[in-house]
Amino acid sequence: MTEVIIVKNQDEAGSIYAQRVARLIESKPDCVLGLATGSSPLAAYRQLSALVKNDSIDVSQVRGFALDEYAGLDPKHPQSYQSTINRTVVEPLGLDPEKIHVPNGNLSTISEAGHAYDQAIEDAGGVDIQILGIGTDGHIGFNEPGSSLASGTRIKTLTEQTRIDNARFFDDDINQVPTHCITQGIGTILKARHLILLAFGSGKAEAIAETVEGGISSFCPASALQLHRHATVIVDEAAASRL
Ligand code: GLP
C-alpha cells in the first residue's frame, strides 16, 4: 500500500524521514539505510543529522548502501555519487565510512559489480529504510523507463532527459555527464523493508501522478512502489498537484 503525505515544504518532509530513521537507529543500532543522491533527500539528511546530534544518537554501527553511481567517473570526482554520499550523508551524520557502500562504476569490473552489490545487501540482512528521489520521467535510482520491474543491480544507459536534468551538476554541460551508470535494480529496491520517496516542485507532478495513480508499468519505474507493502510518498503541494 502506498501512503501519501502532503507537506508544506522540504523541511517538513525531511523531519518525517528523520523521525522514522532516528527511531529505527535507536531500536536497531546496526540498521541498514538505503541512501540516495539528488537534491530531494538533502533536507531529510540535514534534519536527520540535527536530530542525531540533539538526541546524542549513536550512529557508529549504522550501515548503508547507495542506489547508484555513474559509470567511468573517478570516485574522487566531486560529482561522483561516492563523493556526493560522503559529503551529504557520511560526514554530516558522522557515519563510519567503512560501513557505507556505493556501487562501483569502474568500467573494467562493472559487469560483475552488480551481482556482488546485491549479494552484499543481502548479506547485510537487507535494507531497513530506503530513501528515494524520482526523476522527471519517473525513474528511481537510475532505472529509466523501460527497466524491468524485477531487475537487479546492473549497468544502464542514461536517457538524454536524465543527462539534461543532471547537466546542472556538470557546469551545465551535457557532454560532461556520463552516458552510463550502475544502479540498484527495481527488484533490488523493492526488497527494502520500507521505502520513502520524496518529491518537490511542479516538475515532478506528472511523475508522481503516474507513480501513485497510474498503472504499474516499466514506463514509470516508480509505479513499482504500488507493489510494495510499505511505501511512503512524501510530496509538497506542487508535486501533488496532479493527484
Ligand atoms: C538522479 C538520481 C536519482 C534522483 C534523481 C532526481 O537521477 N540518480 O536517484 O532521484 O536524480 O534528482 P533530484 O532529487 O535532484 O530532482
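Conventions and cut-offs
- Residues numbered from 1 in each chain as written.
- Predicted model: local features only at pLDDT ≥ 70, side-chain atom pairs only at ≥ 80, totals over all residues.
- UniProt positions renumbered as here; feature names shortened; annotations may be inferred.
- Helix = DSSP H or I, 4+ residues; strand = E, 2+ residues; numbered from the N terminus.
- Buried ≥ 20, exposed ≤ 12 C-beta atoms within 10 Å, placed from the backbone.
- Contact = placed C-beta atoms within 7 Å.
- Pairing = 2+ DSSP bridges.
- Near = placed C-beta within 6 Å.
- Nonpolar A, V, L, I, M, F, W, Y, C, P; charged D, E, K, R; others polar.

Identification of the protein chain as Glucosamine-6-phosphate deaminase from Bifidobacterium aquikefiri is taken from an unreviewed UniProt entry. Taken directly from UniProt, the Function (unreviewed entry) text for the protein chain runs: "Catalyzes the reversible isomerization-deamination of glucosamine 6-phosphate (GlcN6P) to form fructose 6-phosphate (Fru6P) and ammonium ion."

What follows is about the UniProt feature "active site" (unreviewed entry) in the protein chain. Mapped onto this numbering, the UniProt entry annotates "active site" (unreviewed entry) at Asp68, Asp137, His139 and Glu144. As for its position among the elements, His139 is in the loop between strand 6 (129-132) and strand 7 (154-157). Judged by local crowding, His139 falls into the buried class, with 27 C-beta atoms found within 10 Å. In this structure His139 touches Glu144, Pro145, Thr162 and Pro221, once residues within four positions along its chain are discounted. One can find Glu144 in the loop between strand 6 and strand 7. Looking at Glu144, the number of C-beta atoms within 10 Å reads 21, which means it is buried. Apart from residues lying up to four places away in sequence, Glu144 is in contact with Asp137, His139, Lys156, Thr159 and Thr162.

Burial runs high along strand 9 (residues 194-199): five of the six residues are buried. In terms of strand pairing, strand 6 meets strand 9 through four bridges, oriented parallel. The residue of strand 9 that forms the bridge with Ile129 is His194. Bridging between strand 9 and strand 10 (residues 231-236) involves five bridges; their strand directions are parallel. Along strand 10, the bridge assignment pairs Leu197 with Val233.

Now for the site of the ligand. The immediate surroundings of the ligand are formed by 14 residues, with Ala36, Gly38, Ser39, Ser40 and Gly133 found nearest. Of the residues that constitute the shell around the ligand, the class distribution is four nonpolar, nine polar and one charged.

Time to look at unusual backbone geometry. With a phi close to 45°, Ser56 is a non-glycine residue in the positive phi region. Turning to its location among the elements, Ser56 is positioned in the loop between helix 2 (42-54) and strand 3 (63-66). By the C-beta count within 10 Å, which is 6 here, Ser56 ends up exposed. Positioned with a positive phi, Asp172 is a non-glycine residue whose angle comes to about 55°. As for its placement among the helices and strands, Asp172 is situated in the loop between helix 5 (160-166) and strand 8 (180-183). Judged by C-beta crowding, with 9 C-beta atoms within 10 Å, Asp172 ranks as exposed.

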